Amino acid sequence: KVQLGVLDTKLASAISEDLGISCTTKDPVPELVRAVRLHFAKYVKKLEENDLTKASLGLAHSYSRSKVKFNVNRQDNMIIQCI
């Protein structure tokens, strides 16, 4: 029997319900995903390590900007507007 390995349990249940594909989130899946992330630059020939670092930094910056709430009463408002 073939199963799709997914890290997120909510995503796995959504895939199972909508597409009818059997998914698992058990033990070997996190280790395999970690290994793929570690060696991803070696798998894709045209991707360099520097490109992966830039993409990761951009994604982290975008995620943090969406999570930070803007407050007019903050004392560092001028600094935030400069950036």
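This is a predicted model, so every value here is computed, not measured.

Participant: Give a detailed account of the overall build of the protein chain, specifying residues and quantitative values.
Facilitator: Scanning the protein chain from terminus to terminus reveals five helices and two strands. Ordered by position from N to C terminus, the α and β elements of the protein chain give β-α-β-α-α-α-α. Taken across its 83 residues, the protein chain has 10% of its residues classed as buried.

Participant: Lay out a nonpolar patch on the surface in plain terms, naming residues and giving numbers.
Facilitator: A surface patch of nonpolar side chains, about 350 Å² in accessible area, is lined by Val36, Phe40, Tyr43 and Val44. Looking at the element boundaries, Val36 is found in helix H2 (residues 28–38). Under the relative-accessibility criterion, Val36 is labelled partly exposed at 39%.

Participant: How would you explain the environment of Asp27 if you had to name every residue and give the values?
Facilitator: For Asp27, the position within the fold is in the loop between strand S2 (23–24) and H2. Of the residues examined, Asp27 reaches a relative accessible area of 64% and is grouped as exposed. With 20 residues separating them along the chain, Asp27 and Leu7 place their C-alpha atoms 10.0 Å apart.

Calculation notes
Each chain has its residues counted from 1, running along the sequence as written. Residues qualify for local features only when their pLDDT is at least 70, as the model is predicted, and side-chain atom pairs are given and counted only at 80 or more; totals for whole chains, interfaces and linings, by contrast, use all residues. To obtain the side-chain values, all non-hydrogen atoms of the structure were used and water was disregarded. Numbered from the N terminus, helices here are DSSP runs of H or I no shorter than four residues, and strands are runs of E no shorter than two. Burial classification: accessible surface area is computed with a 1.4 Å probe over protein chains only, and a residue below 20% of its type maximum counts as buried, one above 50% as exposed, and the rest as partly exposed. Patches draw on residues past 30% relative accessible area with no salt bridge. Two like charges within 9 Å are joined, as are two nonpolar side chains (Val, Leu, Ile, Met, Phe, Trp, Tyr) within 5 Å. What sets the accessible areas is the Shrake-Rupley method with a 1.4 Å probe; for residues, cover comes only from the shown protein chains. Whenever Lys or Arg places a side-chain nitrogen within 4 Å of a carboxyl oxygen from Asp or Glu, that contact is recorded as a salt bridge.

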